[in-house]
Amino acid sequence: FDGIEGDRLVVFMRGGVKELEASMELYDEVGELVAASESMGRLARIGAVSLPSTGKYTLLAKDANNNDVGNYFLTMRYANEPECVELASCETNSEVHRLETLAAVDVYTVECTEVGQSISVLLKEVDDFLEPHMEFYNPRGRRLLSNDGRDSVSFKNVKLTELGVYSIFVMD
């Protein structure tokens, strides 16, 4: 894929079979390792890595032990590119959304127009299959908070310290 210097990339991989232990490596166009995933069994994550230069990048998705094969699901998002995401509702009522595929990431944005504003977000499962995970990024694409849980996760009264568009990543 083509990358632009300074873009902050987040990549998620989920093995489609239980034997596949997800692992990823990101290389620049000269073959230098830029980032390696945090792996947790069938799940792997490269989080908010800042691309060091503009050019071609290669993402290697593999089994961590190089001894299993199978389907996998992959999602890439830019943490500092809010124009590619949905806008979050600022209403206090609940909205139901659906992650359509394994390793899917839904991204919502909230614009801070005044330093010191605060935000609270609650993510709850509506069936027994979701293990909710949420990440919160500032306007420069730096991850500020990460939270996962069994039935629900939340960020409560988080003070926004700079103007701009914040991103909320929601995933299983």
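Residues numbered from 1 in each chain as written. Predicted model: local features only at pLDDT ≥ 70, side-chain atom pairs only at ≥ 80, totals over all residues. Heavy atoms only, no water.

1. Notes on unusual backbone geometry
Even without glycine at this site, N157 takes up a positive phi of about 50 degrees. Its location among the elements puts N157 in strand β15 (residues 152-159). (Helix = DSSP H or I, 4+ residues; strand = E, 2+ residues; numbered from the N terminus.)

2. Some thoughts on the pairing of strand β16 (residues 164-171)
Where a strand is regular, its side chains alternate between the two sheet faces. Within β16, 6 of the 8 residues are buried, which leaves it mostly tucked inside the rest of the structure. In this structure, strand β11 (residues 105-112) lies alongside β16, joined through 8 bridges in antiparallel fashion. Looking at β16, one finds that Y108 is bridged to I168. The sheet contact formed by strand β13 (residues 133-137) and β16 spans 5 bridges and is antiparallel. (Buried < 20%, exposed > 50% of the residue type's maximum accessible area, 1.4 Å probe, protein only. Pairing = 2+ DSSP bridges.)

3. Concerning the packing of aromatic side chains
Taken as a whole, this structure holds 2 aromatic pairs when the rule is applied. Ring geometry for F1 versus Y57: centroids 5.8 Å apart, planes at 20 degrees, classification stacked. On the criterion of sequence distance, the pair formed by F1 in the segment before β1 (2-3) and Y57 in the loop between β7 (55-56) and β8 (58-63) is long-range, its members being 56 residues apart. Given the relative accessible area of 31%, F1 is considered partly exposed. With a centroid separation of 5.5 Å and an interplanar angle of 10 degrees, the aromatic rings of F136 and Y166 are classed as stacked. Of this pair, F136 sits in strand β13 while Y166 is found in strand β16, placing the two residues 30 residues apart along the sequence. Exposure remark for F136: the relative accessible area of 2% places this residue in the buried category. (Phe/Tyr/Trp six-rings, centres within 6.5 Å; stacked < 30°, edge-to-face > 60°.)

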